[in-house]
Each structure stands twice: as structure tokens, then as C-alpha cells.
Amino acid sequence: MNLHHAVEITLTRPATPGELAYARRTMPLAANHDATQLMAVAHAKTPGRALRRARRRLSKALPIDVITTHYPDSSGHILLNITLPPDADTAVRRAADHAGQDPRIYQQLTLHRALAQQAKSEADLLDGAVQQLLATTTAGQLLAAVARALTLAPGAPAC
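The structure displayed is predicted, hence computed values, not measured ones.

The subject of this paragraph is the pairing of strand 1 (residues 3-11). As paired strands, strand 1 and strand 3 (residues 37-44) are joined by 8 bridges and run antiparallel to one another. Its bridge partner lying in strand 3, Leu-3 is registered against Ala-44. Here 5 bridges tie strand 1 to strand 4 (residues 64-69), and the two strands are oriented antiparallel to one another. Note that in strand 4 the partner of Leu-11 across the bridge is Ile-64.

With that settled, consider unusual backbone geometry. Residue Ala-35 is not a glycine yet carries a positive backbone phi of 60 degrees. Within the secondary structure, Ala-35 is located in the loop between strand 2 (29-31) and strand 3.

Glancing now at the side chain of Thr-68. By secondary structure assignment, the location of Thr-68 is in strand 4. The residues touching Thr-68, leaving out its near neighbours within four places in the chain, are Ala-6, Val-7, Glu-8, Leu-51, Ile-78, Leu-79 and Leu-80.

Before going further, it helps to examine the pairing of strand 3. Only one face of strand 3 is buried, namely the one carrying Leu-38, Ala-40, Ala-42 and Ala-44, since none of Gln-37, Met-39, Val-41 and His-43 on the opposite face is buried. Pairing geometry for strand 2 and strand 3, over 3 bridges, is antiparallel. Paired with Ala-30 across the two strands is Met-39, which belongs to strand 3. Remark: 5 residues form the turn of the hairpin made by strand 2 and strand 3, two consecutive strands paired antiparallel; Ala-35 in that turn has positive phi of roughly 60 degrees.

Attention shifts here to the nonpolar core. One finds Ile-9, Leu-29, Leu-58 and Leu-62 to be the most contacted residues of the largest nonpolar core, which totals 21 residues. Secondary structure elements with two or more residues in this core: strand 1, helix 1 (17-26), strand 3, helix 2 (47-58) and strand 4. With near-sequence residues (within four places) excluded, Leu-29 lies in contact with Ile-9, Ala-23, Arg-24, Leu-38, Met-39, Ala-40, Leu-58 and Leu-62.

Pairing in this open sheet of 5 strands is antiparallel, and the strands run 2-3-1-4-5 from one edge to the other. Bordering the open sheet on either side are strand 2 and strand 5 (80-82), each of which pairs with just one other strand. Strand-to-strand twist across the sheet, computed as the mean angle between neighbouring axes with direction ignored, equals 25 degrees. Set on the sheet, helix 1 makes contact with strand 2 and strand 3; between it and strand 2 the angle comes to about 150 degrees.

Criteria and cut-off values
Residues numbered from 1 in each chain as written. Predicted model: local features only at pLDDT ≥ 70, side-chain atom pairs only at ≥ 80, totals over all residues. Heavy atoms only, no water. Pairing = 2+ DSSP bridges. Helix = DSSP H or I, 4+ residues; strand = E, 2+ residues; numbered from the N terminus. Contact = heavy atoms within 4.5 Å. Buried < 20%, exposed > 50% of the residue type's maximum accessible area, 1.4 Å probe, protein only. Core = buried A, V, L, I, M, F, W, Y, C linked by side-chain atoms within 4.5 Å. Axes fitted to C-alpha atoms, helices over the stretch in contact; angles between N-to-C directions.

Okay, structure coming up:
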């Protein structure tokens, strides 16, 4: 049973009008304001197949960087489709072989570790900034300042 899967396509540079017109003859696409992000709906049995189908159809027409599923899968994951340059692909395969892992599993685990480290680093920076602010103000004053900043942020609902 084939389904429709929403996919996001990130380009390495803005697509030209000619590239977009050519690509749209292959697959219906919606572009953002600067033609660096595209949305498409791919007909496939699985999200992974949808990503591969989009890559296969569009790679000759557009400077594709990454293709992702727009919605998380049943496990809550967003799937990525990345084509590495030959040197990087060789390095990943060697590292996976050295670790005794399948290259896809190796890439997945490496990406998960990098994202977890990035999230931890960001949380640590924020925690440090809050501690520094709390050294010179009260928790109530800080909370009020955060509330004001959030209500004044662009796109925040008016009170």
C-alpha cells in the first residue's frame, strides 16, 4: 500500500527559476521565499523510500544538500537522506569498519551522539547564563524579565 509522505528538501544554494521549473516537471514542489527550502509530497510505501524517490527524481535538477521527512515517523524520528562526497563516504566506511559496524548504523549513532552533545552544550550555556543572572537579581525579577521578552518577541500573541 503506497502512501504520500511530506518531504523537505534543503538546497546548497538558492535554486534558479530555470532549475525550479525543470524540477517541477519531475515532481510538484513548493519553494520558500529564497528558494533554498522546498516541500514535496512523495508517493511511496515507506518514508525512507519517499526520500530516496525524491533524491532520485530531483538530484539532476537541483543542488540538493539534505532531504528529510517533514513529519516524525512512528518512533518520533525525522529521517534524513544525505549524499556524502566520495572522500567523506570513504572515511565513514573506514571508521564504521574499524568500529565493526554497518556504515548506516555508524552514521546514525554518530549523528545521535553529535546532536546529544550539541543539546547538552546549549543547555549548559543557558544554565550558566541563568546562574549568572541569578547572582545579580531575584528569581521573580528574572521570571518577569523573561515573560516580558517572550511577549515582545516577534510573532508572540498579543495580551
